[in-house]
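Overview (structure and organization)
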Amino acid sequence: MARKKIALIGSGMIGGTLAHLAAKKEMGDIVLFDIAEGMPQGKALDLSQCGPIEGFDAKITGSNDYADIAGADVVIVTAGVPRKPGMSRDDLLGINLKVMKSVGEGIKNNCPDAFVICITNPLDAMVWALREFSGLPHNKVVGMAGVLDSARFATFLAWEFDCSVKDVNAFVLGGHGDTMVPVTSYTTINGIPVNDYAKIKGVSESRIDEIVDRTRKGGGEIVGLLGNGSAYYAPATSAIAMAEAYLGDQKRILPCASYVEGKYGLDGLYVGVPTVIGAGGTEEVIEIELSDEEKSNLKVSTDAVEELLEACKGLDEGLK
Ligand code: A3D
């Protein structure tokens, strides 16, 4: 059986980390694409030389030509600019929308059967734009955010309870911004609802609220500390989990920015919801019962995404 082909559009901090992880896991051969000349080729050469030490045979190449992503099975998009301290994700809208146009067209012309995972911010609007520009079906274009946001929530909870991260199943819904909705009613410590476990461990409700707040601002905390650029290790790890779910037809239920039509009272919007990922791409959006407070928090978050999308559609007209 031929090896799978993974195309990484954008070979910066996340792109390079994605390539390393995908090679180590031998997910397939890897093409690093970027507009910066020499950089993807240099990273590909450097990463290839990890092969003899780490024992992988994945072929890694760098390119500035979209023809080289032809026939890719999975495309992960990080092309664009990341945040600088003081910038919100939404500040990136205009610049990254133009980038999504060229990337979408590159995918449409070279690998229209791929499963496409978008990471570029502002995420919920960029995944919508990428779908529009690529013309791929909605079930083959998805955004990575919820896996990362849930991992941040799980990390902070594991630290608080001094328990294994393996036992924390954390759940975050909504847009990838400060209005995201960490859902405590579906968050468990090995099956024990987090609020019950907090009582057992003597952790106050207000402390859980602080952890929820830190999760919402988790990306900004790292931007502030790095001083230049944004998080890349955990974002790359999250997208790799989604790519593996697709390539292995794993039917995992992962929180992703999926196209929601009809469920959660939404009508044609990309936003973070629990999604089954298998060989069919995003195969199903799972609609869960929410409390009134969670519903109203989700509404605030989806309203913010809708507002951003309207701004995006206005700019999009200018690109036609
Ligand atoms: P960075 O290291 O700057 O890499 C981006 C790369 O994109 C650079 O190498 C650029 O040369 C390249 N690029 C720019 N324009 C184009 C183009 N038109 N075609 C191809 N390549 C291009 O950034 P990064 O890897 O740290 O972050 C990438 C994106 O991910 C940014 O938009 C971040 O905001 C976003 N991000 C999202 C999350 C989520 O959870 C959704 C988390 C972290 C970062």
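How each quantity is defined
- Residues numbered from 1 in each chain as written.
- Predicted model: local features only at pLDDT ≥ 70, side-chain atom pairs only at ≥ 80, totals over all residues.
- Heavy atoms only, no water.
- UniProt positions renumbered as here; feature names shortened; annotations may be inferred.
- Helix = DSSP H or I, 4+ residues; strand = E, 2+ residues; numbered from the N terminus.
- Buried < 20%, exposed > 50% of the residue type's maximum accessible area, 1.4 Å probe, protein only.
- Polar contact = N/O pair within 3.5 Å; in protein donor to acceptor, adjacent residues only side chain to side chain.
- Contact = heavy atoms within 4.5 Å.
- Phe/Tyr/Trp six-rings, centres within 6.5 Å; stacked < 30°, edge-to-face > 60°.
- Core = buried A, V, L, I, M, F, W, Y, C linked by side-chain atoms within 4.5 Å.
- Near = heavy atom within 4 Å.
- Areas by Shrake-Rupley, 256 points an atom, 1.4 Å probe, with all protein chains shown as cover.

Here we look at the UniProt feature "domain: Lactate/malate dehydrogenase C-terminal" (unreviewed entry) in the protein
- Residues given the UniProt feature "domain: Lactate/malate dehydrogenase C-terminal" (unreviewed entry) here are residues 148–305.
- Between the C-alpha atoms that bound residues 148–305 there is a distance of 18 Å. The span itself is 46% helix and 23% strand.

Remarks on the environment of Gly218
- Inspection of the secondary structure assignment puts Gly218 in helix H9 (residues 218–226).
- By relative accessible area, which is 3% here, Gly218 ends up buried.
- C-alpha separation for the pair Gly218 and Asp149, spaced 69 residues apart in sequence, amounts to 7.8 Å.

Here we look at the side chain of Ser11
- For Ser11, the location among the structural elements is in the loop between strand E1 (5–9) and helix H1 (13–24).
- Polar side-chain contacts of Ser11 include one of 2.9 Å to the backbone oxygen of Phe33.
- Setting aside its immediate chain neighbours within four residues, Ser11 contacts Gly16, Leu32, Phe33, Asp34, Met39, Pro40 and Lys43.

Observations regarding the packing of aromatic side chains
- On inspection of all chains with the given rule, the structure shows 7 aromatic pairs.
- Seen from their ring centres, Tyr232 and Tyr233 are 4.6 Å apart, and the 40° between their planes marks the pair as tilted.

Side note on the nonpolar core
- Membership of the largest hydrophobic core comes to 50 residues, with the highest contact counts inside it found for Ile9, Val75, Val77, Ile107, Val116 and Tyr264.
- In terms of residue count, the dominant contributor to this core is helix H5 (residues 123–134) (8 residues).
- Ignoring sequence-local partners within four residues, the contact set of Ile107 consists of Ile69, Val75, Val77, Pro112, Val116, Leu130 and Leu136.
- Counting residues in each nonpolar core, the second largest holds 36 residues, with Leu8, Ile14, Ala23 and Ile117 among its members.

Things to note about the UniProt feature "domain: Lactate/malate dehydrogenase N-terminal" (unreviewed entry) in the protein
- Using the residue numbers shown here, the UniProt feature "domain: Lactate/malate dehydrogenase N-terminal" (unreviewed entry) corresponds to residues 5–143.
- Taken end to end, residues 5–143 is 40% helix and 18% strand, and its first and last C-alpha atoms sit 19 Å apart.

Here's the deal with the site of the ligand
- Within the structure, the ligand sits among 27 residues, and Met13, Ile14, Asp34, Val81 and Ile119 are positioned closest to it.
- Taking Ile14, its main chain carries an N or O atom lying 2.9 Å from an oxygen atom of the ligand.
- For the ligand, an oxygen atom lies 3.0 Å from a polar atom in the backbone of Val81.
- Taken by itself the ligand offers 870 Å² of open surface, and the protein chains cover 88% of this.
- Mapped by element, the contributors of at least two residues to the shell around the ligand are H1 and helix H4 (93–110).
- Here the shell around the ligand gets 3 residues from one element, more than from any other, and that element is H4.

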